[in-house]
Amino acid sequence: MHPSILQIWNVYRAANPAAPVDVPISFHFCDNRSDADLCAELVATERKRATAASLAELQLAGDPIPRPGDYAIVTNWAGEAKAVIRTASVEIRRLCEVDAAFARDEGEGDLTLEWWRTAHEAYYRRVLAGSSYIVNDDLEIACERFELVMAV
């Protein structure tokens, strides 16, 4: 764990003593440095307020489906803490059910559903390659909206 993760959580907890004592999960978005670093910046500037992991990738990684109220620490690719977020809502949707409002809240690319769908289908294909999961309109997605509660 990068030291900045504990540091940001301690600073957040000092200002918000009702927050859990245990350090929440930390993660970077995406599967490459450029996109991970960009997404961390988008979160820190409040342009990115949502994310969309497939249930299949969560299962393969052994990660739980986020729940409202969960905290997480967003890092860049190098693991340096950039923001603390809190899950506001999670809806399980099929890939074909993701709408333009959600794509806009993700804050990436040109904010359109078309861009979102192209980028995310490619991502899901990469992270699910070699597994038994198929990327199609029925792929289940955890559409998570979150709020920024602290940025570096």
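See the structure above.
Residues numbered from 1 in each chain as written. Predicted model: local features only at pLDDT ≥ 70, side-chain atom pairs only at ≥ 80, totals over all residues. Heavy atoms only, no water.

**Let's talk about the pattern of salt bridges**
Phase 1: Taken as a whole and judged by the stated rule, the model has 14 salt bridges.
Phase 2: The partner of Arg94 in a salt bridge is Asp138, with the nearest N and O atoms 2.8 Å apart. One end of the pair, Arg94, is in strand β4 (residues 81-94); the other, Asp138, is in the loop between α5 (113-128) and β5 (140-151), with 44 residues separating them in the sequence.
Phase 3: A residue is classified by how much of its surface remains accessible, and Asp138, at 48% relative accessible area, is partly exposed.
Phase 4: Measuring nitrogen to oxygen at the nearest pair gives 2.7 Å for the salt bridge that ties Asp105 to Arg145. Of this pair, Asp105 sits in helix α4 (residues 100-106) while Arg145 sits in strand β5; the two residues are 40 residues apart in sequence, bridging distant segments of the chain.
Phase 5: What you see here is one network of salt bridges that share partners, running through Arg49, Glu91, Arg93, Asp99, Asp105 and Arg145. (Salt bridge = Lys/Arg side-chain N within 4 Å of Asp/Glu carboxyl O. Helix = DSSP H or I, 4+ residues; strand = E, 2+ residues; numbered from the N terminus. Buried < 20%, exposed > 50% of the residue type's maximum accessible area, 1.4 Å probe, protein only.)

**With respect to the side chain of Thr87**
Phase 1: Note that Thr87 resides in strand β4.
Phase 2: Judged by its relative accessible area of 6%, Thr87 falls in the buried class.
Phase 3: With residues up to four places along the chain from it excluded, the contact list for Thr87 reads Pro66, Arg67, Pro68, Gly69, Asp70, Glu144, Arg145 and Phe146. (Contact = heavy atoms within 4.5 Å.)

**Some remarks on the sheet that holds strand β1 (residues 25-27)**
Phase 1: In spatial order, the strands read β1-β3-β4-β5-β2; together these five strands make up an open sheet with mixed pairing. Of all the strands in the sheet, the pair left with one neighbour each is β1 and β2 (50-54). Shown here is a sheet whose adjacent strand axes are inclined to one another by a mean of 40°, direction ignored.
Phase 2: When β1 meets strand β3 (residues 71-75), the two strands line up parallel, connected through three bridges. Pairing of Phe27 across the sheet is with Val74, part of β3.
Phase 3: Seen against the sheet, α5 touches β2 and β5 and runs at an angle of roughly 40° to β2. (Pairing = 2+ DSSP bridges. Axes fitted to C-alpha atoms, helices over the stretch in contact; angles between N-to-C directions.)

**Concerning the nonpolar core**
Side chains that are nonpolar tend, in soluble globular proteins, to be buried together.
Phase 1: Counting 15 residues, the largest nonpolar core has Leu95, Phe102, Trp116, Tyr124, Leu139 and Ile141 as its most contacted members.
Phase 2: Top contributing element to this core by residue count: α5, with four residues.
Phase 3: Excluding residues within four positions of it along the chain, Leu95 makes contact with Trp116, Arg117, Glu121, Tyr124, Val135, Asn136, Asp137, Leu139 and Ile141.
Phase 4: Counting 10 residues, the second largest nonpolar core, distinct from the first, contains Ile8, Ala19, Ala81 and Val84. (Core = buried A, V, L, I, M, F, W, Y, C linked by side-chain atoms within 4.5 Å.)

**Description of unusual backbone geometry**
Phase 1: For Glu46, which is not glycine, the phi torsion reads 65° and is therefore positive.
Phase 2: Position of Glu46 relative to the elements: it lies in the loop between α2 (33-44) and β2.
Phase 3: Phi angles above zero are rare outside glycine, and Leu111 is one such case at about 75°.
Phase 4: In this fold, Leu111 is placed in the loop between α4 and α5.
Phase 5: Using a relative accessible area of 31% as the deciding quantity, one classes Leu111 as partly exposed.

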